[in-house]
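Structure assessment
Okay, here's what each chain looks like letter by letter:
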Amino acid sequence: MSNTNMHWVFTTNPQNLVICLKYCAFGVDNEKYGITAREFVKPGDFIIFYVRSLRTSIVNAPSKCQRVFLGPYRVRSSGLLNPNHPALMSWNPKNKFNVIIEIEKLNDFHIGAVDINLVLNNLYFITNKARSGRGGWQDHMQFSIISIREEDYVTIINHLNPGHPCIKQLREFMGNITPCL
């Protein structure tokens, strides 16, 4: 699977994941991640979403999509500053994630999910495997865009399950409104 494309984890929450999948796009804050999104994330790169836990209970969010990796996807376009993209008013917080990276499904894979605990010990980019406390594995997942090794990408996609409860809930939640699920 070796190639010149990069492998990325895009971190989001369950509520914003639905919007990402609806629009086949991932948005980042220009001030924090604009340079990375525009200069380093390139068309053809491979991505996996990491969906973190909800910090508060939200009605319009898939509750079974927490602490999971979901994918795989490919980058269609590098980040572009796009203050008029329709997702901007839907993401929480509104109008913040204005650098848009367009994504698409990989044709030869079904979208699946895997709980992080099933792959955590086998991931090289997570150097501290502690399950709680400061400096634990969650510190590695606090950034919106994370570059990972190809080995980690392969580990994650080899464990993705199209029948995962997250995928089932997303399909019920979203129906057929997106080509990204």
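Read on for an overview of the structure. Please read these numbers as outputs of a predicted model, since none were measured by experiment. (Residues numbered from 1 in each chain as written. Predicted model: local features only at pLDDT ≥ 70, side-chain atom pairs only at ≥ 80, totals over all residues. Heavy atoms only, no water.)

Here's the deal with the environment of Glu172
Selection rule: Elements are defined by DSSP. Helices are runs of H or I of four residues or more, strands are runs of E of two residues or more, and each kind is numbered from the N terminus. Remark: exposure states derive from per-residue accessible area (1.4 Å probe, protein chains only) relative to the maximum for the residue type, with buried under 20%, exposed over 50%, and partly exposed in between.
If you trace the backbone, Glu172 turns up in helix H5 (residues 165-174). Glu172 sits in the exposed class, given a relative accessible area of 69%. Each C-alpha atom, one on Glu172 and one on Pro62, is 9.5 Å from the other, the two residues being 110 residues apart in sequence.

Things to note about the nonpolar core
Selection rule: As used here, the term nonpolar core means buried Ala, Val, Leu, Ile, Met, Phe, Trp, Tyr and Cys residues forming a set that is joined through side-chain atoms within 4.5 Å. Residues are treated as being in contact if the distance between any of their heavy atoms lies within 4.5 Å.
One finds Phe10, Leu21, Phe49, Leu70, Tyr73, Ile145 and Leu170 to be the most contacted residues of the largest nonpolar core, which totals 39 residues. Elements represented by at least two residues in this core include exactly strand E1 (7-12), helix H1 (14-23), strand E2 (25-28), helix H2 (30-40), strand E3 (46-51), strand E4 (68-81), strand E5 (99-105) and H5. In terms of residues, this core owes the most to one element, H1, which gives 5 residues. When sequence neighbours within four positions are dropped, the list of residues in contact with Leu170 reads Leu17, Val18, Leu21, Pro62, Cys65, Leu70, Gly175 and Leu181.

Considerations on the pairing of E4
Condition: Whether two strands pair comes down to DSSP finding at least two bridges between them.
The buried fraction of E4 is high, at 10 of 14 residues. Sheet topology note: the E3/E4 ladder contains 5 bridges and is antiparallel. Bridge assignment links Phe46 to a residue of E4, and that residue is Arg74. Of the pairings in the sheet, the one linking E4 to strand E6 (residues 112-115) comprises 4 bridges and is antiparallel in character. Counted as the bridge partner of Leu70 is Ala113 from E6.

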